[in-house]
Structure formats: structure tokens, C-alpha cells
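# Commentary on secondary and tertiary structure
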Amino acid sequence: MVSMALDHIALTTFRNHAATQLRGTAQLNLLVGENGAGKTNALEALSLFSPGRGLRRAPLADMAGGDGTHGFAVSARLVSDDGTVPVQSPVQLGTGVQADRPGRRLVQVNGAEASAISLGEWLAISWLTPAMDRLFMESAGTRRRYMDRLAVALDPSHARYASRYENALRERNRLLSDTPEPDPQWLDSIEAQMAQHGAMLAQGRAHLIARLSEELANLPEHPFARPLLDHIAGGPLEQERMTAVWGRERPRDRAASRTLTGPHRDELKVTMAGKQAAAAQCSTGEQKAMLIAITLAHAALAARGRPSLLLLDEVAAHLDPVRREALFERLRESGTQTWLTGTETAPFAAITQEAACWKVAGGAVEQL
């Protein structure tokens, strides 16, 4: 199988990038520049080649450069690892918004209109950013979104299950809270939809955690802390049992004005293997090490299915030399195209000879 990566990347009026071109990419790619130069903006643009709202979860209007009235565009070509386009499958990806429709995201594959979910069929994308450092301290909802993002990178259809379940859940909650006497048959119909998509959603999360756990178990405990993962289900995983539970719990849910059982109550439990301590109780450094371990394990899984990207924002600078070298070695072995950012080249000295490097300043890039 030909190894694939992104090249011929173009950002047009995307945040502070007026007209950025990134060509001559490699397996390892490095963006260097001062804070605020536009490094993370470039990673965010790349993250839009996956279903969802990108690594910042920002509204589309916030991504448009200048005064925000001209829209934006991001495009890239999927090429083989030697820079050529396979005759069998040249792929040109594009996404953005038009100025007259700032709230509607457009997606194109080889010039034809496509859905955002379909992008997951071409690329598996994951990322680690400083904003994720508090993952273990934040709400269960944040960790559910994290599980779903990782699951989508392995199975694009997971995004569809999540979206349809959330839509049906909102409708059920509306009926329970706003309608004095909800129509039982209408509730039956809504709950059947919830169960159909909810079972696939919950099972997808469970499958993700099982695969990640297997991958992590084969990795050394050092230099990155090994996390133990557990998917805590918020209800039954089977479609029939979900339907039965919601039918039985209607009185309780009406009293609470919301649905109290289901995949929307799932949780990701993370424990540091060496200490048998909950991740939330570990030090900041230990939490970061576990996040890196999960990210690398997931990248290894993603790379086995289809072309994959890993976006690492300001990761290496916070590691000691031993962990930094271990990170670079794992990235070399991963088979995924990796994009890293940093404020200076010194922490990346071990890879600058093999990586494609750019200097970023004021939303402009210069290849080093």
C-alpha cells in the first residue's frame, strides 16, 4: 500500500494567514515562530480536513481572516510519500466558507461537493494541544467529545451516530420538559431513533477504548507514563435494552426534565498504571505524559487504516531530552504525517535534518 501524506497546502484568508502555501512536506513537519505568529492557526486549518469543528472548536465565522466578511478556504493534495500523485487515486481536498454564507461549511473532494463527514474516509486526523492539558480535570462531556473525536478518526461513521443521537436526545428532552402530556407513540418513535444510533455510539466508544488499551499494553511504561483506560457506560449498550430503559424511566425523566440514562452520560476513566492513581489526582507532568501516550497509541492505530495526520502543538518544548527523543523516535515509526510547532528550533535539533521546516511570522511562512 502506498503511504500517503498532504502536500500543496494552501490557506486563503484563514485567520491571520492571507495566502499561505506549504509545499515540499515530509513525514515530520515543523512550524517555528513567536507566540501569535500563526503556527496554531495553520494546525487548525489542517484539522478542518476531518469531520467536526477543528482543534479549537471555533465558529466558522471566527476563522475568516481580516474583517471576517470574505470567507476562507483551505486546500491540500493527498500525495504519496515520495511527493508524487498515484495515478489510481489523485485526491484534492478543500474546505471553507463563502462570504455570503458564513455559517455553512463547504467541502470538496476532487472538485465535487462532499460532506464534512466524508473527509474522514480520506484522512484520519488527531491532535494534542496545550488546551487539552486539563482534559482529566474538566467535565465528563469534554472527555466524551475526546472519545468521539478519536473514534471518528478510526471510523468516520461514528460522527453520524453521534450527531443523530444528539438530535434525537434533544427532541426527547424537549417533549419531556415542555409538553404537559407527551404523546406516547411520538416518544416511542424518538426513543427508537435514540436507541438505534445510541447503541452504535456507545459501542463505538467501547471499541475505541478496547483497541487503545491493547495498543498501550504493548508499549513500555517509560519514558511516558502508561495510562489504563476504561469506558464507563451511562446505560445499556444494546439497542433493545436502551429502548426498554427509556420507556420505563419516562416518569423519572419527566420529573428531571431531561434524560438521565444513556450514552450522553458515558465517561472515560483514566488511571496511571504505575501508581494506580486516577489521572485527575496525578501531577501536571504525569497527566501530560499520559496524554502523549494515548495520542501516540491512537496515531499508531489510525495509520494502519488510511492516510493519517497527527498535529502536535507546543508539545516537545515541555519535555526533557529523554522524553523528547523518545517522542521523535515514536513519530518516525508511526507511519503518520506529523506537524509540530515550537517557538524555536533548539528542542527539535534531532529532527531538523529530516523534517520539512518553516518559519512563521505574521501569518506568513518561509521554508527553512
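Residues numbered from 1 in each chain as written. Predicted model: local features only at pLDDT ≥ 70, side-chain atom pairs only at ≥ 80, totals over all residues. Heavy atoms only, no water.

## Description of the sheet that holds strand E9 (residues 227–232)
- The strand order across the open sheet formed by three strands is E9-E10-E11, and the pairing between neighbours is antiparallel. Every interior strand has two partners, whereas the edge strands, E9 and strand E11 (277–278), have only one.
- Relative to E11, strand E10 (residues 267–272) is paired through two bridges, and the arrangement is antiparallel. Of the residues in E11, the one forming a bridge with Thr271 is Ala278.
- Set on the sheet, helix H3 (residues 140–154) makes contact with E9 and E10; between it and E10 the angle comes to about 90 degrees.
- Packed onto the sheet, helix H5 (residues 184–217) meets E9 and E10 and runs at close to 165 degrees relative to E9. (Pairing = 2+ DSSP bridges. Helix = DSSP H or I, 4+ residues; strand = E, 2+ residues; numbered from the N terminus. Contact = heavy atoms within 4.5 Å. Axes fitted to C-alpha atoms, helices over the stretch in contact; angles between N-to-C directions.)

## Examining H3
- Its 15 residues place the ends of H3 21 Å apart at the C-alpha level, agreeing with the 21 Å of an ideal helix rising 1.5 Å per residue.
- By the criterion of burial, H3 is predominantly enclosed, with 13 of the 15 residues buried. (Expected span 1.5 Å × (residues − 1). Buried < 20%, exposed > 50% of the residue type's maximum accessible area, 1.4 Å probe, protein only.)

## Topic: the nonpolar core
- Core analysis: the largest hydrophobic core is formed by 90 residues, its most contacted members being Leu6, Phe49, Phe72, Leu311, Leu327, Leu331 and Trp339.
- With 11 residues, the single largest contributor to this core is helix H8 (residues 284–303).
- Membership of the second largest hydrophobic core comes to 15 residues, among which are Leu176, Ile190, Met194 and Trp246. (Core = buried A, V, L, I, M, F, W, Y, C linked by side-chain atoms within 4.5 Å.)

## Points about the environment of Asp253
- For Asp253, the position within the fold is in helix H7 (residues 250–256).
- Taking C-alpha positions, Asp253 is 9.8 Å from Arg172, a pair spaced 81 residues apart along the chain.
- Discounting chain neighbours no more than four positions away, the residues touching Asp253 are Arg172, Leu176, Arg258, Thr259 and Leu260.

## Things to note about the sheet that holds strand E13 (residues 337–342)
- Read across the sheet, six strands follow the order E8-E12-E13-E3-E14-E15 without closing on themselves; strand pairing throughout is mixed. Sheet topology places strand E8 (124–128) and strand E15 (364–367) at the edges, where each strand pairs with a single neighbour. If you compare each strand with its neighbour and ignore which way they point, the axes differ by 20 degrees on average.
- Here four bridges tie strand E12 (residues 308–312) to E13, and the two strands are oriented parallel to one another. Residue Leu312 lies in a different strand from E13, and its bridge partner there is Leu340.

## Some thoughts on the side chain of Thr20
- Considering the arrangement of structural elements, one finds Thr20 in strand E2 (residues 17–22).
- On the basis of relative accessible area, Thr20 is assigned to the buried category, the value being 2%.
- Reaching out from Thr20, the side chain makes a polar contact with the side chain of His17 at a distance of 2.7 Å.
- Within the structure, the side chain of Thr20 is placed 3.1 Å from the backbone oxygen of Gly363, a separation counted as a polar contact.
- Discounting residues that sit within four places of it in the chain, Thr20 has contacts with Ile9, Ala10, Leu11, Gly363 and Val365. (Polar contact = N/O pair within 3.5 Å; in protein donor to acceptor, adjacent residues only side chain to side chain.)

## As for the pattern of salt bridges
- Under the criterion given, the structure shown has 22 salt bridges.
- We note a salt bridge from Glu44 to Arg56, for which the minimum N-O separation is 2.7 Å. Here Arg56 lies in the loop between helix H1 (39–47) and helix H2 (60–63) and Glu44 lies in helix H1, a separation of 12 residues in the sequence.
- Between Arg104 and Glu113 there is a salt bridge, with its nearest N and O atoms 3.1 Å apart.
- Residue Glu113 is classed as exposed on the basis of its relative accessible area, which comes to 63%.
- Ionic contacts of the salt-bridge type, sharing partners, join the residues Arg172, Asp188, Glu191, Glu249, Arg250, Arg252 and Asp253 into one network. (Salt bridge = Lys/Arg side-chain N within 4 Å of Asp/Glu carboxyl O.)

## Comments concerning the packing of aromatic side chains
- If you walk through the whole model with that rule in mind, you get four aromatic pairs.
- Seen in terms of ring centroids, Phe14 and Phe72 are 5.2 Å apart; in terms of plane orientation they differ by 80 degrees. Their pairing is edge-to-face. Here Phe72 lies in strand E4 (residues 72–80) and Phe14 lies in strand E1 (residues 4–14), a separation of 58 residues in the sequence. Of the two residues, Phe14 and Phe72, both sit in the buried class.
- Geometrically, the ring pair formed by Phe328 and Phe348 is tilted, given 6.2 Å between the ring centres and 35 degrees between the ring planes. Of this pair, Phe328 sits in helix H9 (residues 321–334) while Phe348 sits in the loop between E13 and strand E14 (356–361), and the two are 20 residues apart along the sequence. Of the two residues, Phe328 and Phe348, neither departs from the other in class, the shared state being buried. (Phe/Tyr/Trp six-rings, centres within 6.5 Å; stacked < 30°, edge-to-face > 60°.)

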